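Structure assessment
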Amino acid sequence: MTFKSILDEIENNLTKILSDLSVSDVEFSVEPAKPGFGDVSSNVSFLLAKSLKKSPKEIAEMLSEKYSSCTSTTLVLKSEPHPSGYLNFIANWDKLSQLIISESYLDTCGDVELGNGSSMVVEHTSVNPNKALHIGHIRNIIIGDTISRILEKSGYKVNVLNYIDDSGLQVADIIVGFKHFGYAEEPPDGKKFDHYCGDDVYVKTTEKYEADSSLEEIRKKVLKELEDGNSETAKFGDKITRRVLAGQLETCWNFGVTYDCLNFESQIIRSGLWSKIFEKLKEMNLVEFENEGKNGGCWVIRGDGKEEDKVIVRSNGTATYIAKDIPYAAWKLGLLEDPFNYEQYENEQPNSRVLWQTSLKDTDKISKDFTGEKVVTVIDSRQANLQKIITTLMDKFKSAPDAYNHLGYESVTLSSDTAKTLGLETDGKQTQMSGRKGLYVSADSVYDILKEKTKEETKKRHPEMDDSEIEIIAHSVSVGTIRYEMIKQDLDKIITFDLTKSLSLEGDTSPYIQYTHARASRILEKSGRTPTIDVDFTLLKEKSELDLIKNIGLFNLQVRDAANNLSPKVIARYCYDLAVSFNSFYEKSKVLDLGDVELENSRLCLVNSFKIVLEKALDLLGIQSPDRM
RNA sequence: GGGCCUAUGGCGCAGCAUGGAUAGCGUGUUGGACUUCUAAUCCAAAAGUCAAGGGAUCGAAGCCCUUUGGGCCCA
């Protein structure tokens with residue numbers, strides 16, 4: 001067990017004391033204490049103040065006295081009433097340290113029993129395959145990837161999906177560029193294909209539309225042709241989008257993000273899934289036919305109360321954009337018979353996780369189950385309206401609340417300085433990125449810049465290091481920096497990306513945390529020993545040591561919190577706090593050459609414990625833990 | 001016109017779900033610490049009417065109402 005052991009012990013004892021006082025139904029808290037207030041705090045006295053008609057201070061004193069006569073207390077040394085009314089507890093660290101550190105050496109350390117093996121779909125990325133990923137897409141991808149790691153750690157069987165919208169307007173646009181405006185199929189001088197399509201073909205094609213509105217006709221024609229899977233246009237589109245997709249996936253993989261299945265929109269359309277679900281929706285009365293009014297002749301989803309009705313099929317029989325998302329949402333929840341076969345994706349993912357893709361070919365007679373009892377869809381909050389409709393609809397469809405979850409987040413905008421370098425004057429205001437206007441910073445370029453910077457930094461510190469090792473370190477630091485920047489703040493905060501400011505490597509950043517890991521590794525390496533847990537834990541009694549142990553013991557509580565709230569930043573903050581407490585320990589307590597073998601062993605054991613837990617916590621963020629930096 | 005998000009030291013953020021103690025952190029500024037297990041580190045100082053107003057509460061950064069600034073979505 002971990003720090004939770006002492007929380008549980010206190011909670012049980014307090015509950016018992018309360019029942020002796022014949023007070024029940026009090027939902028008091030038992031939490032790790034703020035610094036300076038012991039180890040554990042409870043607010044129980046405040047909650048009793050009214051019913052017992054005493055001040056919180058008096059109650060805390062009374063409870064503290066009763067607590068001291070509790071027999072089943074092994075982890076608490078004593079309880080202390082605080083004049084404010086809080087009831088604080090001092091831990092018996094001799095025992096608690098041993099519990100926490102031994103636990104940290106286990107493979108299961110940090111595991112949480114929440115999912116109990118139930119399946120969960122996490123869909124993220126889902127970028128139109130007509131351009132390279134930019135830094136805004138990266139926020140989506142990193143949030144999704146981190147959440148899926150956290151859910152896996154919490155006992156869910158997670159299926160990670162990437163929806164490939166390969167039949168929309170944006171794809172039509174680059175096809176027009178290639179077919180009608182004569183863009184060469186091969187990018188110039190070795191440019192990555194996804195960058196070429198996004199920077200050159202897409203941006204310049206849309207510029208031409210703006211200059212000449214008669215070109216709209218071509219665009220519409222191409223879009224229409226895309227719908228017929230056997231058309232030349234569709235085949236050409238398929239070839240192009242798959243090549244762009246390969247480029248996008250290469251970027252994702254570089255960032256440590258992998259998937260289980262790619263779902264192609266074109267195949268969802270051709271599978272006839274929509275008509276099946278439309279029939280079902282009609283049967284279940286979840287859609288209704290409107291006879292009159294402004295929506296006369298349309299099929300609509302009735303709005304709740306003050307919400308307006310949403311048209312899903314127009315009077316001319318065409319489906320609206322809302323309708324496009326419904327079949328996929330239902331498929332993800334396993335509400336429909338699966339129309340797909342599956343084949344392995346042609347390129348292998350770096351971590352050997354097998355990547356599948358949907359197929360309509362009869363030759364791929366492989367069936368798979370990538371659905372989930374629950375679904376998390378990571379899409380930015382600009383789509384909150386649409387997602388709300390789908391959520392309500394799906395919860396009714398499955399008749400399970402919380403089956404479909406939209407995990408929204410605010411967008412990444414460009415700082416005025418960075419916008420200026422891309423040729424846009426913004427009067428000091430931040431600005432939304434736009435793939436269509438070419439206003440974005442690509443993920444690959446941020447990575448490249450960062451990698452150059454970290455390479456230099458590493459070389460400066462380790463002139464003797466060979467290039468391949470520097471390469472590996474620079475990679476993990478660059479990826480870490482970007483990943484950490486994307487999830488360290490709340491999902492509903494806008495990230496203003498600034499090309500120079502966002503590349504800081506000091507303070508509350510991934511390199512800070514990774515560096516701390518390298519420090520720990522170095523101590524262990526230099527000691528020349530393999531730490532064991534067969535040490536005297538009572539020797540660890542410095543404040544900085546106990547703080548560190550406490551933080552180590554909070555790991556599983558943090559994972560649970562992050563999973564329950566779908567909040568990746570919880571783990572980011574945890575990693576940072578853990579690193580801070582290690583650095584404090586590092587400054588105050590030497591580990592090696594103490595002339596006291598017992599103490600050295602105990603501290604080495606602690607250092608190793610920290611290293612193990614930090615590594616696991618960073619892994620939840622998809623950040624690697626280098627041994628040297 | 002309707003809806004969603006947001007406001008906390010100069011700047012960027014945490015804390016808010018579940019009200020209680022001394023509002024934390026990074027950055028920037030000023031000063032200090034490398035012959036030491038790596039200074040991508042650490043220590044210290046200055047810097048806050050928690051947007052404004054009101055309400056319920058013994059008690060509000062947090063809950064409720066109103067207003068304002070910023071961002072977004074729909075019409």
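Residues numbered from 1 in each chain as written. Chains lettered and ligands numbered in written order. Predicted model: local features only at pLDDT ≥ 70, side-chain atom pairs only at ≥ 80, totals over all residues. Heavy atoms only, no water.

1. So, the sheet that holds strand E9 (residues 299–301)
- Taken in spatial order, the 3 strands line up as E8-E9-E10 in an open sheet, and their pairing is antiparallel. Lying at the two open borders of the sheet, with one neighbouring strand each, are strand E8 (288–289) and strand E10 (310–313).
- Here E8 pairs with E9 via 2 bridges, running antiparallel. Each residue of the ladder has a partner; that of Glu 288, found in E9, is Val 300.
- Taken strand by strand, helix H11 (residues 273–283) contacts E9 and E10, and its axis lies near 130 degrees from that of E10. (Pairing = 2+ DSSP bridges. Helix = DSSP H or I, 4+ residues; strand = E, 2+ residues; numbered from the N terminus. Contact = heavy atoms within 4.5 Å. Axes fitted to C-alpha atoms, helices over the stretch in contact; angles between N-to-C directions.)

2. Some thoughts on helix H3 (residues 56–68)
- Spanning 13 residues, H3 covers 18 Å between terminal C-alpha atoms, matching the ideal 18 Å at 1.5 Å per step.
- Three or more residues of H3 are buried, namely Ile 59, Ala 60, Met 62, Leu 63, Ser 64 and Tyr 67.
- The inward-facing, buried residues of H3 abut helix H1 (3–20), helix H2 (44–52), strand E3 (76–81) and strand E4 (87–91). (Expected span 1.5 Å × (residues − 1). Buried < 20%, exposed > 50% of the residue type's maximum accessible area, 1.4 Å probe, protein only.)

3. A few points about the packing of aromatic side chains
- One pass over the full model with this rule turns up 21 aromatic pairs.
- Plain terms: the ring middles of Trp 253 and Tyr 345 are 6.4 Å apart, the flat faces sit at 75 degrees to each other, and that makes the pair edge-to-face. In this pair, Trp 253 sits in helix H9 (residues 232–254) while Tyr 345 sits in the loop between strand E11 (341–344) and strand E12 (356–359), placing the two residues 92 residues apart along the sequence. In this pair, the class of Trp 253 matches that of Tyr 345, namely buried.
- Judged by centre distance (5.6 Å) and plane angle (10 degrees), the ring pair of Phe 555 and Tyr 574 falls under stacked. Placement of the pair is Phe 555 in helix H19 (residues 555–564) and Tyr 574 in helix H20 (residues 569–588), with a sequence separation of 19 residues. (Phe/Tyr/Trp six-rings, centres within 6.5 Å; stacked < 30°, edge-to-face > 60°.)

4. As for the confidence of the model for chain A
- Per-residue confidence for chain A averages 93 on the pLDDT scale, and 99% of its residues sit at or above 70.
- Scoring the predicted complex yields pTM 0.95 and, for the interface, ipTM 0.96. (pLDDT = per-residue confidence, 0-100.)

5. Re the side chain of Asn 556
- On the secondary structure map, Asn 556 appears in helix H19.
- By relative accessible area, Asn 556 is classed as buried at 13%.
- Setting aside residues up to four positions removed in sequence, Asn 556 forms contacts with Thr 2, Gly 110, Asp 111 and Val 112.

6. Looking at unusual backbone geometry
- One non-glycine residue, Ser 22, lies in positive phi territory at about 50 degrees.
- Overall, Ser 22 belongs to the exposed group, its relative accessible area being 66%.
- Backbone geometry places Asn 285, a non-glycine residue, at a positive phi of 60 degrees.
- By the secondary structure assignment, Asn 285 is in the loop between H11 and E8.
- For Asn 285, a relative accessible area of 59% gives the class exposed.

7. Here we look at the domain arrangement of chain A
- Here the domain parsing of chain A yields domain 1 (4–91), domain 2 (119–271 + 340–372) and domain 3 (414–502).
- Taken over C-alpha atoms, the centre of domain 1 sits 48 Å from the centre of domain 3. (Domains from an automatic or database assignment.)

8. Re the pattern of salt bridges
- Counting across every chain of the model gives 44 salt bridges.
- One salt bridge in this structure joins Asp 8 and Lys 4, with 3.1 Å as the shortest N-O distance. On the criterion of helical spacing, the pair formed by Asp 8 and Lys 4 is a turn pair, its members being 4 residues apart in helix H1.
- Of the residues examined, Lys 4 reaches a relative accessible area of 26% and is grouped as partly exposed.
- Residue Asp 260 pairs with Arg 353 through a salt bridge whose shortest N-O separation is 2.8 Å. (Salt bridge = Lys/Arg side-chain N within 4 Å of Asp/Glu carboxyl O.)

9. Brief notes about the packing of helix H5 (residues 135–153) against H19
- Remark: H5 packs on H19, axes separated minimally by 9 Å, with the N-to-C direction vectors making an angle of 120 degrees. Viewed along their axes, H5 and H19 adopt a mutual orientation that is oblique. The chirality of how H5 crosses H19 is left-handed. Taken together, the residues of H19 that come into contact with H5 (itself represented by Ile 150, Leu 151 and Lys 153) are Phe 555, Val 559, Ala 562 and Ala 563.
- Of the residues that constitute the contact of H5 with H19, the class distribution is 6 nonpolar, no polar and 1 charged. (Parallel < 35°, antiparallel > 145°, perpendicular 65-115°, else oblique. Left-handed = near helix turned anticlockwise from the far one by under 90°. Nonpolar A, V, L, I, M, F, W, Y, C, P; charged D, E, K, R; others polar.)

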